[in-house]
Amino acid sequence: MPLTWGDILQWHPAALDSAEAALRAARNACTDRAGDLDGMATPKGWSGDAADNASVSLRRLTGELRDLVAQVSAAYTAVRDAADGVRGVESAVRTALDHAHAGEFAIDADGTVRDLRPQMCLSNTHDWLLIQQERQDRLGECALRVEAALRKAADVDADLGAVLAKILAGTIKGGDGSLGAAAASGEAMGRHSVLPPPGHGSPAENAAWWASLSADEREEVIGAHPEWIGNRDGVEFAARDRANRLLLDRRRAHVDERWAILERFCHDENGRFIYGNYLQVKAEYEDLKEERESIATLGAILARPGAHALLGLDFTTERTQAIVANGDVDHADHVAVFTPGLTSTVAGMGGYDSDMAALKLRTEGELFRRGEQGTVATVTWLGYQAPQWSTIFTSNSVASSGAAEAGGASLANFYRGINAARPTDPDLTALGHSYGSTTTGYALQQAGVDVDRAIFFGSPGLGTSSLDTLAIRSGAAYYAEAKWDGVGDLAAFGADPTGMKGMQHLQTGAATTPDGRAWEGIIGHLDYLKDGSTSQYSMAQVVGGHPDSAVHGKNVGLTDPISAQDWYPEWLK
Amino acid sequence: MTYEVEIGALRAAAAAARAAGDQVATIHPGDVLRAAGGAIPHSGSAAAISEVAGVLERRVTDWVGAARQYAGTLEGNAAQYAHDDRLAAAAFASPPNTAPSLPVRPAGARTKGPLVVAQAPTSVPAAPSKYLRLGPVPE
Amino acid sequence: MTAISRGVAALAAALTLALTGCGGTPVTNPSNGNATPAASSASPGGSGGVLEQRRRSAQARADYLALLTEVRAALSAVTPGLRWRTTEPVIDSETGCKTPFDRVPGASIALADSGGAYGGIPDADWARAWSAVKEVAAKHGFGDEHVLLDRPGDHQMSVYDAEGAELSVGTGVNTVATIYGACHLA
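Remember, predicted model here, so these are calculated numbers, not experimental data.

Visitor: What's the story with the overall build of chain A in this structure? I'm lost.
Guide: Check the secondary structure of chain A and you find 16 helices and 12 strands. For chain A, the C-alpha radius of gyration of 31 Å lies well beyond 25 Å, the compact-globule estimate for 573 residues. In terms of its C-alpha atoms, chain A occupies a principal-axis envelope of roughly 115 × 80 × 45 Å. Across the 573 residues in chain A, those meeting the buried criterion constitute 56%. Counting contacts in chain A only where the partners sit at least 6 residues apart, residues at least 24 apart contribute 74% of the total.

Visitor: Just checking my understanding: could you explain the domain arrangement of chain A for this structure?
Guide: Often the size quoted for an interface is simply the accessible area lost on bringing the parts together. All names here are of chain A. Per the domain assignment, the segments of chain A are domain 1 (5–43 + 54–224) and domain 2 (301–572). Contacts between the two partners involve 12 residues from domain 1 and, on the opposite side, 13 residues from domain 2. At the level of secondary structure, the elements contributing two or more residues to the side of domain 1 that touches domain 2 comprise α5 (125–169) and α7 (203–211). Examining the composition of the side of domain 1 that touches domain 2, we find that seven residues originate from one element, α5, more than from any other. Across the side of domain 1 that touches domain 2, the residue classes tally to four nonpolar, three polar and five charged.

Visitor: What exactly am I supposed to notice about the interface of chain A and chain B here?
Guide: With 82 residues of chain A at the interface, the matching set in chain B holds 72 residues. Going through the elements one at a time, α2 (14–31), α3 (34–39), α4 (49–103), α5, α6 (179–190), α9 (226–229) and α10 (237–265) of chain A are the ones with two or more residues in the side of chain A that touches chain B. With 16 residues, α4 of chain A is the single largest residue contributor to the side of chain A that touches chain B.

Visitor: Honestly, the packing of α4 of chain A against α6 of chain A in this entry has me stumped. Any pointers?
Guide: To describe two helices that pack against each other, one gives the angle between their axes and the distance between the axes. All names here are of chain A. Running from amino to carboxyl end, α4 crosses α6 at an angle of 40 degrees, the nearest separation of the two axes being 7 Å. Pair α4 / α6 crosses with right-handed handedness. For the pair formed by α4 and α6, the contact residues are Arg-66, Val-69, Ala-70, Gln-71, Ser-73, Ala-74, Ala-75, Tyr-76, Thr-77 and Ala-78 on the first element and Leu-179, Ala-182, Ala-183, Ser-185, Gly-186, Glu-187, Met-189 and Gly-190 on the second. Taken together, the residues that form the contact of α4 with α6 break down as 10 nonpolar, six polar and two charged.

Visitor: I would appreciate a short explanation of the confidence of the model for chain A in the present structure.
Guide: Residues shown with low pLDDT carry predicted positions that ought not to be read at fine detail. Summing up the model confidence of chain A, the mean pLDDT is 89 and the portion of residues at 70 or higher is 91%. For residues 511–525 of chain A, every residue scores under 50 in pLDDT, and the model assigns this stretch 42 contacts once sequence neighbours within four places are set aside.

How each quantity is defined
Residues numbered from 1 in each chain as written. Chains lettered and ligands numbered in written order. Predicted model: local features only at pLDDT ≥ 70, side-chain atom pairs only at ≥ 80, totals over all residues. Helix = DSSP H or I, 4+ residues; strand = E, 2+ residues; numbered from the N terminus. Rg over C-alpha atoms; globule rule 2.2 N^0.38 Å. Buried ≥ 20, exposed ≤ 12 C-beta atoms within 10 Å, placed from the backbone. Contact = placed C-beta atoms within 7 Å. Domains from an automatic or database assignment. Nonpolar A, V, L, I, M, F, W, Y, C, P; charged D, E, K, R; others polar. Axes fitted to C-alpha atoms, helices over the stretch in contact; angles between N-to-C directions. Left-handed = near helix turned anticlockwise from the far one by under 90°. pLDDT = per-residue confidence, 0-100.

Rendered as C-alpha cells:
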C-alpha cells in the first residue's frame, strides 16, 4: 500500500532517534569486549578430537559474533539515517502546509489540494487570465510539495526496508577481521544515500525536493554534491551561493594547473612565445584564458566587503555564464533581476555588478526616505550566451533572436526559482538592457514567471509586438530610452518598445538645477544606471514598488517611430 | 609432568567465553528496533520491523547459548585432564598446533560491501573532456 | 521590415554600439588564425594611469566616512531631532569599477552610507541644511551640484567630486546621506 498524505502526517523521528542511540550502545557493548574473543582462544599445543571440536566451535562463534556486530551496526546507521530522512519528510510536510495556508488551499488526507479562495472578477481580461494562471500555478506548486513529501517518505521507507531485508536474509556479514572492522563494515551497509534531485525538474519541483531534505542532508549535498544545486532554480539561494563558491574554487585549481602546463608548452626557455605550439593547443588555451578571466572577476566580486553571492556558475557552455547578487535574495522584500546585452561577459561583468550594488543601495535609501523599511536585493543575470563581436556572423549573433529566445527560457526559470525557493514571494522587478531586454521580453512571454514589473532600456525589441503577450500586469512594463539611442529604435525583434501600446515611459532627459545649470541626461546607448541620474532614480522607485514616483515621460527623438510621438492617438496603436 | 598451565589456560578460555556470553546477553537490539517502528506508521519498514526484531533477538539468544556451551565444553575438558594425567599427556604431548585457533587479524581490514553512492541526474553536465583529440601536452 | 533589412539594421546598430561604446568593454582579443593572442583587454598603462594619480582605496574609504560624519553633524545641527540609525557611517559594500576601469586589477568602488536618520528635515529648513552640506562637501572636493527632486516634503540632491563620486542627500519622512564612490586602486 503506497503511503498517503494522511499517513506521513503522523511521521516523527523521536522513536527512531531513541532507537539509534540504543542500537549504537548495544553494538558498542559487543565491540568493547573484543578482548574476550582473544581470551576465548584455546592453548597452543592442545591436540586431539576435543581440541579440533573446540577449534571449530570457536571459529563459528567468532564468525557469528562478527556478523551480529555488523548487523546491529547496519541497523544503527539505517535507523540513524531514517531518523534524519524523517526530519526531511517533516520539513517537506511543513512547507507544504505553509504553502497551503499562505495560498488559501486545503490538503485532504489523500493528498488532493483544494482551492479555498472565492473566484475573482476583473474587468481587464488580460489581468484576469494572468491571475487565473497564477492561481493555477500556485495550486500546482502546492501539489508538487505534497508529492515531494510523499516521494521522500517512500525513499526513506525503501532505504530502511532494504537494510532490514538484508539483515533478515543474513547477507550482512562481519568479515574475517576484528570486531571493529565488522562494525565499520556493517555501518557502511546501513547508510542511506541522499535522495538526488529530480532530473530536469521544474523550479517548483526542485524547491519541493530541497524542502524534503533534512538540515544534515542539505549540508551533505552542498559539501559532497555542489554540482546538484549550484544552478538549480528553486533551491534556496544561500545554498546555491555556497555550492558555487566551492565549485569556483575547484575550477580555479583545475584551470590554474592546466594553464601552467600549457604556458610552459607555449614558451621556450627564454620565455618567448612558440606560436606553432600554441596552434596545437589553441582551443583549450583560449577556453582556459576566458575561464581564468571569468574566475578572477568572480573571485574579486566575492572577496570584497558586502553581501555578495554567486547564484549561478557554468563553465560547460561556450562562454562562461554566471549570476551574481548583491543582498539576500532569499529574504529581501524587493528583488530586481538585471539581464545585460551585447558583449556582456562574466570577465567583464564587474561594471554591471557595480551598477546593481548602487541600485540596491539607492532603492533602500529611497524606501527609507519615504518612511519604509523594505530590504532590496539586486541580481546581475548572465545565465545565457550574450552575443559578442566574435559571434556576430554566427547563430549566436545579435542580429538573430536565437540567443534571446534560449536565454529567455533560462531566465524564466530563474524568475520562477525566486518565487519557488521562498516562503513569501518578493516584489520582483525584471530589468533588461539592450539585447538583454530582448531576452527579458522572451522570458516574460513564458507562463508562471510571477514578475511584478519590468523595466526595459535601450531595447532593440522585446521579441513581441504587443505587451499582451507578456505575463505581466497591464501598466507594469516600463521603458526608458535616451534620445538618439539608435539601438532602441531598431525594432529588430518585434515592435519598437517606445511605441508599444500600454508601455509606461521613464524620463531619461535633461533636468535643470535651481540656478539654471543643465544636467546632462542620458544620451545615446550609454549608462542608464549612472549614479544620481533621473533614470536610475526612476528605476529605484519602480524596484521599490512605487512606480508612480518614477519620473515619467518619453524622450522622443527623430529616430523614433511616428506612433511614439506624443500626438499619435492611442486608439491607432 | 603436570599440565597445570595448559589446564589453567583452558579454564581461562572458558571464563572468557562465559563473560562474552553474559555481556551479549544484556543487549536487546530486537526490542529496540521494534520500538522504532512507531516513528513511521503505515510504512513497509514498520511492518518488516517486527519480523527483523524477532530474528535479531533469536540470533543474540542463540549466540549466547553457543558461547556458554563452548565454555561448558572447555571446562569439562579441563576437569578431565586434571583428573587423568594420561589423557592430559595425550592431549598436550604432540608438537604445537601450527594452525592458530583464532584467525589472524589482517591489519586495516577493508570494509565489506560497496558504499552506496547515488548517481544523481544533475542540471549541470560534467565538463566534457573535449581536449583529448589534441593529444597529450608534454609536461 | 523584411528579415534582410532587419539584419542589415542590426549590423548597423552593432557598428553604432561600437562607436558609442556601450555596455561592457569590447573584447580586444581576437581568436582568429592570423593574430597572436592579444594581451588581456585590461591596459593598466592607459586607464590605470588615471587611477595611479588618485589616492588609494583605503584613503578614499576613510575620506568618505569622514565626510559622512561631518554631513551627519551638519544636518543634525539644523534639525536636532534627527535620530541616526547607526552610531557612525559605515561602508555598505565594495564593488568593482565601471568602464573604463572595470578590468583594472585591484581597483574598486566603495559605497558608504551615513546609516540614515529617522525624521525628516522640514521644508523651511531644507535650503539651510543643503547649504551646510555643500559647505562641508566642498572641503572634500565635492562641488558639481545636481538636483533630482526639490518639492514640499520631498528633497533629493547630489554633489559630485572631480573623480565622479557622488554625495547624495535627501529627506522626506526620513533622512538619507550616501556616497557612491569613485574608482580607486588598493
